[in-house]
Amino acid sequence: MDSHKKAIRATALMALFLLTAIMTACTVTYKFNGASINYNETKSITIADFPIRSSYVWGPMQSIFNNELKDIFARHTRLQQVKRNGDLKIEGEITQYNQRNKSVSSQGYSAQTELSMTVNVRFTNNVNHKQDFEKQFTATATYDTTQSLAAVQEELVTQMVKEITEQIFNATVANW
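As the structure is a computational prediction, the values presented were derived from the model and not from experiment.

1. Structural notes on the environment of glutamine 112
Line of reasoning, step 1. Relative to the elements of secondary structure, glutamine 112 occurs in strand S4 (residues 110-125).
Line of reasoning, step 2. Considering only alpha carbons, one finds glutamine 112 and aspartate 144, 32 residues apart in sequence, at a separation of 4.4 Å.
Line of reasoning, step 3. Every residue in contact with glutamine 112, bar those within four places of it in the chain, is listed here: Arg100, Asn101, Lys102, Ser103, Thr142, Tyr143, Asp144 and Thr145.

This is the structure:
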């Protein structure tokens, strides 16, 4: 019985050794940078400033959006940002910015307000025009009506801008 246990132990050690050898010999490396771009073909991007075309406006929203859109491509790609004639081109406008009552309290008053932002995007891929598109991206954020919009607006707009720019990034260069 003792020799049987030794044989099982030796077999288990051999299997563990082989598994370790296989795991170290066959390491797979995957570098995630958020984008699936062939940098041999696509080297530059033109990102136009997005004007506000919404009837309701908060002034700083335009610069917050434009800066974040350019920053996300600078952080997650090696594309050179150029003023015109980029291999990729992103342009559009902020088309909607509004708020609406989302829920009502037991007293019949508005308890939460939903703020929403919609951006229309035209994407042109001058390397592969099959990927061109025009579509809208929307994000929402909710705040308690006990707070004033002025008190939470910057935080909520920044949050919605981050969400929309990530949606745009994923739709344009993260084709996975």
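2. Details of the packing of aromatic side chains
Line of reasoning, step 1. Going through the model one piece at a time under the given rule, you end up with five aromatic pairs.
Line of reasoning, step 2. On the basis of an interplanar angle of 55° and a centroid distance of 5.0 Å, the ring pair of phenylalanine 50 and phenylalanine 65 is categorised as tilted. Here phenylalanine 50, found in the loop between strand S1 (44-47) and helix H2 (61-76), pairs with phenylalanine 65, found in helix H2; they are 15 residues apart in sequence, far enough to count as distant. This pair shows no difference in class: phenylalanine 50 is buried, exactly as phenylalanine 65 is.
Line of reasoning, step 3. Every member of this aromatic cluster is reached through a ring pair, and the members are Phe123, Phe133 and Phe137.
Line of reasoning, step 4. Over the ring of tyrosine 39 we find arginine 78, and its NZ or CZ is 4.0 Å from the ring centre.
Line of reasoning, step 5. Between the NZ or CZ atom of lysine 135 and the centre of the ring of phenylalanine 133, over which it lies, the distance is 5.3 Å.

3. Quick word on the pattern of salt bridges
Line of reasoning, step 1. In the structure shown here, the tally under the stated rule is eight salt bridges.
Line of reasoning, step 2. Across the pair arginine 75 and glutamate 68 runs a salt bridge, and its minimum N-O distance is 3.0 Å.
Line of reasoning, step 3. Residue classification places arginine 75 among the partly exposed positions, given a relative accessible area of 48%.
Line of reasoning, step 4. As a salt-bridge pair, glutamate 93 and arginine 122 come within 3.0 Å of each other at their nearest N and O atoms.

4. Examining the packing of H2 against helix H3 (residues 149-172)
Line of reasoning, step 1. Across the interface, H2 lies against H3 with an axial gap of 9 Å and an inter-helix angle of 45°. As the angle between them shows, H2 and H3 are arranged oblique. Classified by chirality, the crossing of H3 by H2 is right-handed. Mapping the contact onto sequence places Met61, Ile64, Phe65, Glu68, Leu69, Ile72, Phe73 and His76 in H2 and Val157, Thr158, Val161, Ile164, Thr165, Glu166, Ile168, Phe169 and Thr172 in H3.
Line of reasoning, step 2. Its residues placed into classes, the contact of H2 with H3 shows 11 nonpolar, four polar and two charged.

Rules of the game
- Residues numbered from 1 in each chain as written.
- Predicted model: local features only at pLDDT ≥ 70, side-chain atom pairs only at ≥ 80, totals over all residues.
- Heavy atoms only, no water.
- Helix = DSSP H or I, 4+ residues; strand = E, 2+ residues; numbered from the N terminus.
- Contact = heavy atoms within 4.5 Å.
- Phe/Tyr/Trp six-rings, centres within 6.5 Å; stacked < 30°, edge-to-face > 60°.
- Buried < 20%, exposed > 50% of the residue type's maximum accessible area, 1.4 Å probe, protein only.
- Lys NZ or Arg CZ within 6 Å of the ring centre and 35° of its normal.
- Salt bridge = Lys/Arg side-chain N within 4 Å of Asp/Glu carboxyl O.
- Axes fitted to C-alpha atoms, helices over the stretch in contact; angles between N-to-C directions.
- Parallel < 35°, antiparallel > 145°, perpendicular 65-115°, else oblique.
- Left-handed = near helix turned anticlockwise from the far one by under 90°.
- Nonpolar A, V, L, I, M, F, W, Y, C, P; charged D, E, K, R; others polar.

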